[in-house]
Amino acid sequence: MQKITKEVYLKWYEDMLFWRKFEDKLAAVYIQQKVRGFLHLYNGQEAVLAGALHAMDLSKDKMITAYRNHVQPIGMGVDPKRVMAELFGKATGTSQGLGGSMHIFSKEKGFYGGHGIVGGQIPLGAGMAFGDKYHNTGAVTICCFGDGAARQGSLHETFNMAMLWKLPVVFVCENNGYAMGTSVERTANHTDVWKLGLGYEMPCGPVDGMNPIKVAEAFDEALERARRGDGPTFLELKTYRYRGHSMSDAQHYRTKDEVEEYKKIDPITQVKEVILDKKYASEDDIKVIDKRVKALVLECEKFADESPYPDKNVMYDVVYEQEDYPFLQHKL
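What you see is a predicted model, and the numbers here were worked out from it, not measured in a lab.

(A) Structural view of the nonpolar core. Residues W19, F22, L26, I142, V170 and F219 are the most contacted members of the largest nonpolar core, which totals 59 residues. Of all the elements, helix 1 (residues 6-31) adds the most residues to this core, at twelve residues. Those residues in contact with W19, other than ones at most four positions away along the chain, are E46, L49, A50, L53, V71, I74 and G75. Ranked by size, the runner-up nonpolar core spans 23 residues in total, among them I122, A129, V169 and L196.

(B) Expanded view of the pattern of salt bridges. The tally for this structure, following the rule as stated, stands at 20 salt bridges. Here D24 ties to R243 by a salt bridge, and the two come within 3.1 Å at their closest N and O atoms. Here the residue D24 occupies a position in helix 1, and R243 occupies one in the loop between strand 7 (233-238) and helix 8 (256-263), the gap between them amounting to 219 residues. Since its relative accessible area comes to 29%, R243 is described here as partly exposed. Its salt-bridge partner being E306, residue K302 comes within 3.1 Å of it at the nearest N-O pair. Here the residue K302 and the residue E306 both occupy positions in helix 10 (residues 283-306), the gap between them amounting to four residues, near one helical turn. Relative accessible area serves as the criterion here: at 57%, E306 is assigned to the exposed category.

(C) Molecular detail of the packing of helix 2 (residues 46-55) against helix 7 (residues 212-227). With their axes 7 Å apart at the nearest point, helix 2 and helix 7 run at an angle of 45° to one another. Overall, the two elements helix 2 and helix 7 adopt an arrangement that is oblique. As for how helix 2 packs across helix 7, the hand of that crossing is right-handed. Facing A47, V48, A50, G51, A52, H54 and A55 of helix 2, the residues of helix 7 in contact are P212, V215, A216, F219, D220 and L223. Classifying every residue of the contact of helix 2 with helix 7 by side-chain character gives ten nonpolar, two polar and one charged.

(D) How the structure looks around helix 9 (residues 267-277). Restricting attention to buried positions, one finds in helix 9 the residues P267, I268, V271 and I275. An end-on view of helix 9 places all buried positions within 100° of arc, on one side of the element. On its buried face, helix 9 is in contact with helix 1, helix 2, helix 7 and helix 10. Structurally, the start of helix 9 carries an N-cap: the backbone nitrogen of I268 is 2.7 Å from a side-chain oxygen of D266. One or two residues past the end of helix 9 sits K279, with phi positive at roughly 60°.

(E) Just the layout of surface pockets, in detail. Roughly 300 Å³ of volume is contained in the largest pocket. The wall of the largest pocket is formed by 21 residues, among which Y67, R68, G146, D147 and H245 lie closest to the centre. Of all the secondary structure elements, the ones that give two or more residues to the lining of the largest pocket are strand 2 (141-146) and strand 4 (178-179). By residue number, the principal contributor to the lining of the largest pocket is strand 2, which donates three residues. Its residues assigned to classes, the lining of the largest pocket comprises ten nonpolar, eight polar and three charged.

Procedures and definitions
Residues numbered from 1 in each chain as written. Predicted model: local features only at pLDDT ≥ 70, side-chain atom pairs only at ≥ 80, totals over all residues. Heavy atoms only, no water. Core = buried A, V, L, I, M, F, W, Y, C linked by side-chain atoms within 4.5 Å. Buried < 20%, exposed > 50% of the residue type's maximum accessible area, 1.4 Å probe, protein only. Helix = DSSP H or I, 4+ residues; strand = E, 2+ residues; numbered from the N terminus. Contact = heavy atoms within 4.5 Å. Salt bridge = Lys/Arg side-chain N within 4 Å of Asp/Glu carboxyl O. Axes fitted to C-alpha atoms, helices over the stretch in contact; angles between N-to-C directions. Parallel < 35°, antiparallel > 145°, perpendicular 65-115°, else oblique. Left-handed = near helix turned anticlockwise from the far one by under 90°. Nonpolar A, V, L, I, M, F, W, Y, C, P; charged D, E, K, R; others polar. Arc of directions from axis to C-beta. Polar contact = N/O pair within 3.5 Å; in protein donor to acceptor, adjacent residues only side chain to side chain. 1 Å grid on protein atoms, 1.4 Å probe; cavity = no way out; pocket = protein on both sides within 12 Å on 5 of 7 lines; lining within 4 Å. Points joined across faces, edges and corners; volume = space filled by probe spheres on them.

Take it as geometry only, folks, not as evidence of what the structure does.
Here you go:
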């Protein structure tokens, strides 16, 4: 793993702040009905992505995740203007406006979604890893899911096969405490989700998901294990989301005091404190970064606003069609 230097801390701060403000902007335009449907925001969980990206080899490693998926592709190199345009349903979006919030995708940058089916990406992530092992690419797949998806039966089938075939995959449970609005304590007899890996003799363990350094160290070890051919790892990243499950979530299942308590260990604040304590940057330097982030978010919104909607014919161009299907006869 690359050394965590001054430059890394400054990048973490700017990246995480941009991801936070990007999501905040989406919340604002959602209320204006510029973004429709479901909208799941990442606020509070930024350290997971920041640490993972530091350990990954972005020239070949891949990532697949659930529907809280706007900032991951940005971190992997997708133009944020195109991500916002996708959420606006515009033709300039990552999927020409046809995917929307839950289905951001970029094969070019190694980001394979964005999946609306709870836990649906878990076997897909193992399948991607199987392809990399078969073709000997040296790549590793990061497969992320929430604590709710950890209750899906497909997880157990996938864990079993991944260990049997020693697939180069890192399974990541981003445990933000609530599956939609149900706490972990109410969904299982145990609260340590990482222990699910023990039944398959899969290396596993908990990680402080609010600290990008701890995240980077855990991912580095897991990625190296996968590249050696020693198979998968299961990491439970203990994190927290400040906003609701989605924009329609009234959040009656938790108190405002609980949210405020977690904000005391906010990943962005933690990194900013290190930067100031170690004199990597001054308060004025931080203000310059803040201003730059704000300008980029506005640039993304402007691009999405001014982009055209896709032509209606595009919807039909991406639907499978077999002209000689035997049971259909075209009438004149």
